[in-house]
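# Fold and geometry: a report
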Amino acid sequence: QVQLVESGGGLVQAGGSLKLSCAASGRTFSDYAMAWFRQAPGKERKFVATINWSGRTTVYADSMKGRFTISRDNAKNTAYLQMNSLKPEDTAVYYCAAKHTTLVLNSSHIYDYWGQGTQVTVSS
């Protein structure tokens, strides 16, 4: 089992920045690809970004490219999502997820472990 705990969400004005963290425990963190998804009220969960076990490979949803950066620190068992130039449409609950794989995957159905989510609200 892998336990994931997100933190760093909050209320920010449009154009501002937030950095989310996802602390993992329970298994060897570097064996897992990590990803961030988000879910706005009344909408389906959507892919944001993913990073492979080493941190060398990242994939982003098109609308996040250039604004969001996913990273990881395997020594700290933590994944991050730096979010810049935030927009009101970025408002959602953000979830981190883990999958025991060497691949990078953008489908929520594939990930085995999920955090409880952290709320991000961007005001206009």
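Anything mentioned here points back to the structure above.
Here's a quick rundown of the structure.

## A few points about the environment of alanine 23
Note on placement: alanine 23 falls in strand S3 (residues 18-25). On the accessibility criterion, alanine 23 (37% relative accessible area) is partly exposed. Once residues lying within four places of it in the same chain are set aside, the contact partners of alanine 23 are Gln3, Leu4, Val5, Asn77 and Thr78.

## Some thoughts on unusual backbone geometry
We note that asparagine 77 has phi near 55°; this positive angle belongs to a residue other than glycine. Structurally, asparagine 77 is set in the loop between strand S7 (68-73) and strand S8 (78-83). Assessed through its relative accessible area of 29%, asparagine 77 is described here as partly exposed. With a phi close to 50°, serine 85 is a non-glycine residue in the positive phi region.

## Topic: the packing of aromatic side chains
As enumerated under the stated definition, the model contains 5 aromatic pairs in all. Taken together, a centroid distance of 5.8 Å and an interplanar angle of 70° make the contact between phenylalanine 37 and phenylalanine 47 edge-to-face. With a gap of 10 residues between them, phenylalanine 37 in strand S4 (residues 32-39) and phenylalanine 47 in strand S5 (residues 46-51) connect regions that are remote in the sequence. Looking at phenylalanine 47, the relative accessible area reads 13%, which means it is buried. Ring centres 5.6 Å apart and planes at 70° place the aromatic pair phenylalanine 37 and tyrosine 111 in the edge-to-face group. Placement of phenylalanine 37 in strand S4 and of tyrosine 111 in the loop between strand S9 (92-100) and strand S10 (113-114) is noted, with a sequence separation of 74 residues between them. Summarising the burial analysis for this pair, phenylalanine 37 and tyrosine 111 share the class buried. Feature note: the residues Phe37, Phe47, Tyr95, Tyr111 and Trp114 constitute an aromatic cluster, connected by ring pairs. In this structure, lysine 19 packs its charged tip against the face of tyrosine 80, placed 4.6 Å from the ring centre.

Calculation criteria
Residues numbered from 1 in each chain as written. Predicted model: local features only at pLDDT ≥ 70, side-chain atom pairs only at ≥ 80, totals over all residues. Heavy atoms only, no water. Helix = DSSP H or I, 4+ residues; strand = E, 2+ residues; numbered from the N terminus. Buried < 20%, exposed > 50% of the residue type's maximum accessible area, 1.4 Å probe, protein only. Contact = heavy atoms within 4.5 Å. Phe/Tyr/Trp six-rings, centres within 6.5 Å; stacked < 30°, edge-to-face > 60°. Lys NZ or Arg CZ within 6 Å of the ring centre and 35° of its normal.

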